[in-house]
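Letter by letter, the chains look like this.
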Amino acid sequence: MDTIKQAGNYVSDKIQGTTNEASKEANKGVAKDSNAGVGTRLQAAGDAVSDKTKQHGHEASAEANKQAATH
């Protein structure tokens with residue numbers, strides 16, 4: 001039963017990590033857009049950093065769940 005739970009957690013973390021990666025890339029685009037206002041660009045840059053941190057957290061959690069499910 002724990003293996004099934006860990007496998008589900010792995011899938012969930014992989015999806016969340018991928019979502020954060022897509023959001024990070026979108027925010028990077030806004031941060032680099034010279035037509036956007038300074039405040040908007042700064043907010044997007046901060047959001048990109050936050051998304052990157054979340055992405056790494058989900059990737060690490062996914063790997064831990066993957067290892068737990070296979071043992």
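Notes on the structure in this doc start here.

Definitions and cut-offs
Residues numbered from 1 in each chain as written. Predicted model: local features only at pLDDT ≥ 70, side-chain atom pairs only at ≥ 80, totals over all residues. Heavy atoms only, no water. Axes fitted to C-alpha atoms, helices over the stretch in contact; angles between N-to-C directions. Helix = DSSP H or I, 4+ residues; strand = E, 2+ residues; numbered from the N terminus. Parallel < 35°, antiparallel > 145°, perpendicular 65-115°, else oblique. Left-handed = near helix turned anticlockwise from the far one by under 90°. Buried < 20%, exposed > 50% of the residue type's maximum accessible area, 1.4 Å probe, protein only. Lys, Arg positive; Asp, Glu negative; His and termini not counted. Salt bridge = Lys/Arg side-chain N within 4 Å of Asp/Glu carboxyl O. Polar contact = N/O pair within 3.5 Å; in protein donor to acceptor, adjacent residues only side chain to side chain. Contact = heavy atoms within 4.5 Å.

Attention shifts here to the packing of helix α1 (residues 2–32) against helix α2 (residues 38–70). Two numbers describe a pair of packed helices, the interaxial angle and the distance between the axes. The N-to-C vectors of α1 and α2 enclose an angle of 160°; their axes lie 7 Å apart at closest approach. Taken together, the axes of α1 and α2 are roughly antiparallel relative to one another. As α1 runs across α2, the sense of the crossing is left-handed.

One can find Asp-13 in helix α1. One buried charged residue, Asp-13, forms no salt bridge at all, with the nearest opposite charge on Lys-14 at 10 Å. A distance of 3.5 Å separates a polar atom in the side chain of Asp-13 from a polar atom in the side chain of His-58. Not counting the four nearest positions on each side in its chain, Asp-13 is found in contact with His-58, Ser-61, Ala-62 and Asn-65.

Treat this as a map of the structure, not an account of what it does.
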